[in-house]
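# Topology and contacts: notes
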Amino acid sequence: MDAYERITRNAAEVVTEEEIEALADDPDGKRAYVGYEPSGVLHIGHMLTANKLIDFQEAGFEVTVLLADVHAYLNDKGSFEEIRHTAERMRDQFIAYGLDESNTQFVLGSDFQLDDDYTLDLHALELETTLARAERAMAEIKSGDSVKVSQAVYPLMQALDIPYLGVDLAVGGMEQRKVHMLARDVLPSIDREPPTSLHTPLIADLGTGCGKMSSSEGVTISMEDSRDDIESKVNDAYCPPTADPDPTDDGEARENPVLQVFEYHVFPRFDAIVVERPEEYGGNLEYERYDALEAELESGELHPADAKGALAEYLDRLIAPGREQLAE
Ligand code: IYR
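Reading the values: the criteria
- Residues numbered from 1 in each chain as written.
- Predicted model: local features only at pLDDT ≥ 70, side-chain atom pairs only at ≥ 80, totals over all residues.
- Heavy atoms only, no water.
- UniProt positions renumbered as here; feature names shortened; annotations may be inferred.
- Buried < 20%, exposed > 50% of the residue type's maximum accessible area, 1.4 Å probe, protein only.
- Helix = DSSP H or I, 4+ residues; strand = E, 2+ residues; numbered from the N terminus.
- Pairing = 2+ DSSP bridges.
- Domains from an automatic or database assignment.
- Contact = heavy atoms within 4.5 Å.
- Buried area = accessible area lost by both parts, 1.4 Å probe.
- Near = heavy atom within 4 Å.
- Polar contact = N/O pair within 3.5 Å; in protein donor to acceptor, adjacent residues only side chain to side chain.
- Nonpolar A, V, L, I, M, F, W, Y, C, P; charged D, E, K, R; others polar.
- Core = buried A, V, L, I, M, F, W, Y, C linked by side-chain atoms within 4.5 Å.
- Disulfide = S-S within 2.5 Å.

An unreviewed UniProt entry annotates the protein as Tyrosine--tRNA ligase originating from Halorubrum persicum. Note on the protein: under the UniProt heading Catalytic activity (unreviewed entry), the record states "tRNA(Tyr) + L-tyrosine + ATP = L-tyrosyl-tRNA(Tyr) + AMP + diphosphate + H(+)". Turning to the protein, the UniProt annotation filed under Function (unreviewed entry) states: "Catalyzes the attachment of tyrosine to tRNA(Tyr) in a two-step reaction: tyrosine is first activated by ATP to form Tyr-AMP and then transferred to the acceptor end of tRNA(Tyr)."

The structure is reproduced here in structure tokens:
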């Protein structure tokens, strides 16, 4: 797999292909980043973009992880002291998960976002952006109740992080895309380059196959889960024998989250997947590619219960190092 293929595999969107191709061909000094609001422990949402960062490292990029303490504060996630404490604990979990320690720079937002230059540039962006635009950019990150001024400042700071961190490319889930589009539009107004970005898909809730898997609602998998927790969550997961299930009776779109977790979490991190089956049921199955597993689930060769057994096993392997690290 060449650098471009590795970087863009499993991406829902890249902005733009030409820019990413040029970066992939650039021999050195290229940098990608993701920002995370610090929260208790790493969960499957963090792991999805972390997988992408691992792809970037394998393609020769340097990687920055922004532990966005000021953003979490603006998003009402607790006192500043609590958030900062959480941020420090997250670093070790990212390393346990598989980010290459020698090539990952961890930066706290408050290390540079409170500096004079940053603050003045932020005010310059505030002058260039309508409230309505800032609010729209935030719609998928924070929704509901009445909008606070902090929610208008938040996406402008996220845009400004890109030049201040000196990175070439921003990675995030699809819910971050409007912030990155805002960054493309407004940064040139303060003489900064429009940034390149890459977005990972949203994965449906494990239990229902609807909506988006998140730590705040529905079923999620985190580094705190024991092997038994993982097995029971995966056993209860929605997994019809198709990658393209029908909508619910209420017309809500559904995905097959078991297949999605195989595609976006398991296959990128293992060379081959073995599904264990007793001899009388045909013996073990081995897959080197996600497509082959999906095709055999569709054809009936692979039973959902056996797919779930394998999924729990491989998720546990991904989570075990972080779980051990948390226990220290
Ligand atoms: N908005 C992100 C957190 C975040 C991401 C980046 I990239 C930043 O530069 C700053 C914050 C979230 O929703 O978690």
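Let us keep going from here.
### Things to note about the pairing of strand S6 (residues 196-200)
For S6, the tally of buried residues reaches 5 of 5 residues, placing the bulk of the element in the interior. The side-chain alternation of S6 yields two buried faces, one formed by Thr196, Leu198 and Thr200 and the other by Ser197 and His199. Of the strand pairs in this sheet, strand S1 (residues 13-15) and S6 are connected by 3 bridges, and their pairing is antiparallel. From the neighbouring strand, valine 14 faces S6, where its bridge partner is leucine 198. The sheet contact formed by strand S5 (residues 169-173) and S6 spans 5 bridges and is parallel. Within the sheet, the bridge partner assigned to valine 171 lies in S6 and is leucine 198.

### Some thoughts on the UniProt feature "short sequence motif: 'HIGH' region" (unreviewed entry) in the protein
When the UniProt feature table is mapped to this numbering, "short sequence motif: 'HIGH' region" (unreviewed entry) covers residues 38-46. Counted over residues 38-46, helix gives 33% and strand 0%. Its end C-alpha atoms are 10 Å apart.

### Structural notes on the domain arrangement of the protein
A common way to state how big an interface is: give the accessible area lost once the parts meet. Considered domain by domain, the protein is made up of domain 1 (3-200) and domain 2 (227-327). In this structure, domain 1 and domain 2 have C-alpha centres spaced 30 Å apart. At the interface, 14 residues of domain 1 touch 13 residues of domain 2. Of the roughly 1,200 Å² buried between domain 1 and domain 2, counting both surfaces, carbon and sulfur atoms make up 60%.

### Quick notes on the site of the ligand
The immediate surroundings of the ligand are formed by Tyr33, Gly35, Glu37, Leu66, Ala68, His71, Ile141, Tyr154, Gln158, Asp161 and Gln176. Here an oxygen atom of the ligand and a side-chain polar atom of aspartate 161 are 2.6 Å apart. At the level of elements, strand S2 (31-36) and helix H8 (149-165) are the ones that each hand at least two residues to the shell around the ligand. Broken down by element, the shell around the ligand gets its largest block of residues, 3 residues, from H8. Residues belonging to the shell around the ligand are distributed by class as follows: 5 nonpolar, 4 polar and 2 charged.

### Structural notes on the nonpolar core
Counting 64 residues, the largest nonpolar core has Phe56, Val65, Phe94 and Phe262 as its most contacted members. No other element matches the 8 residues that helix H13 (residues 304-327) contributes to this core. Ranked by size, the runner-up nonpolar core spans 30 residues in total, among them Phe80, Leu160, Val167 and Ile190.

### A look at the state of the cysteines
Counted under the stated rule, the structure contains 0 disulfides. Free of any disulfide, cysteine 210 has its nearest neighbouring cysteine sulfur in cysteine 239, separated by 14 Å. Given the relative accessible area of 11%, cysteine 239 is considered buried.

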